[in-house]
Amino acid sequence: MTGLSTILIVVGLFLAGGVYSFSKQKLPTGVIMLLSLCSVLCLVAGGLRIQGIWE
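Worth saying up front: this structure is predicted, and the values here are computed from it rather than measured.

Calculation rules
Residues numbered from 1 in each chain as written. Predicted model: local features only at pLDDT ≥ 70, side-chain atom pairs only at ≥ 80, totals over all residues. Heavy atoms only, no water. Helix = DSSP H or I, 4+ residues; strand = E, 2+ residues; numbered from the N terminus. Expected span 1.5 Å × (residues − 1). Buried < 20%, exposed > 50% of the residue type's maximum accessible area, 1.4 Å probe, protein only. Contact = heavy atoms within 4.5 Å. Axes fitted to C-alpha atoms, helices over the stretch in contact; angles between N-to-C directions. Parallel < 35°, antiparallel > 145°, perpendicular 65-115°, else oblique. Left-handed = near helix turned anticlockwise from the far one by under 90°. Nonpolar A, V, L, I, M, F, W, Y, C, P; charged D, E, K, R; others polar.

Asks: Which parts of the structure should I look at to understand helix α2 (residues 29-51)?
Replies: Residues lying three or four places apart along an α-helix face the same way, a consequence of the helix completing one turn every 3.6 residues. Its 23 residues give α2 an end-to-end C-alpha distance of 33 Å, which sits within 8% of 33 Å, the value for a rise of 1.5 Å per residue. Where α2 is concerned, the buried positions are I32, L35, S39, C42, A45, G46 and R49. The inward-facing, buried residues of α2 contact α1 (2-24). Note on α2: the residue one or two positions beyond its end, G52, has a positive phi of about 85°.

The structure is reproduced here in structure tokens:
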């Protein structure tokens, strides 16, 4: 199911952009850490789905 993989990767990249934006705005570290964790999880899940490891 490559559609879900694509969505996960796009959401992960969107969240990574949010991390960059929030860090430039000097928001609280907890918010930045939460967004970066969610970004990494989305990117890893999308990558694993593309590889066919996690279905």
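Asks: Is there a simple way to explain the side chain of S5 in this structure?
Replies: Tracing the backbone through its elements, the reader meets S5 in helix α1. Those residues in contact with S5 that lie beyond four places of it in its chain are G46, R49 and I50.

Asks: Explain the packing of α1 against α2 here, please?
Replies: For any two helices packed against each other, one specifies the inter-axial angle together with the distance between the axes. The interhelical angle for the contact between α1 and α2, taken along N-to-C directions, is 155°, at an axis separation of 8 Å. The angle between the axes of α1 and α2 places the two elements in the roughly antiparallel class. As for how α1 packs across α2, the hand of that crossing is left-handed. Of the residues in the contact of α1 with α2, the class split is 17 nonpolar, eight polar and one charged.

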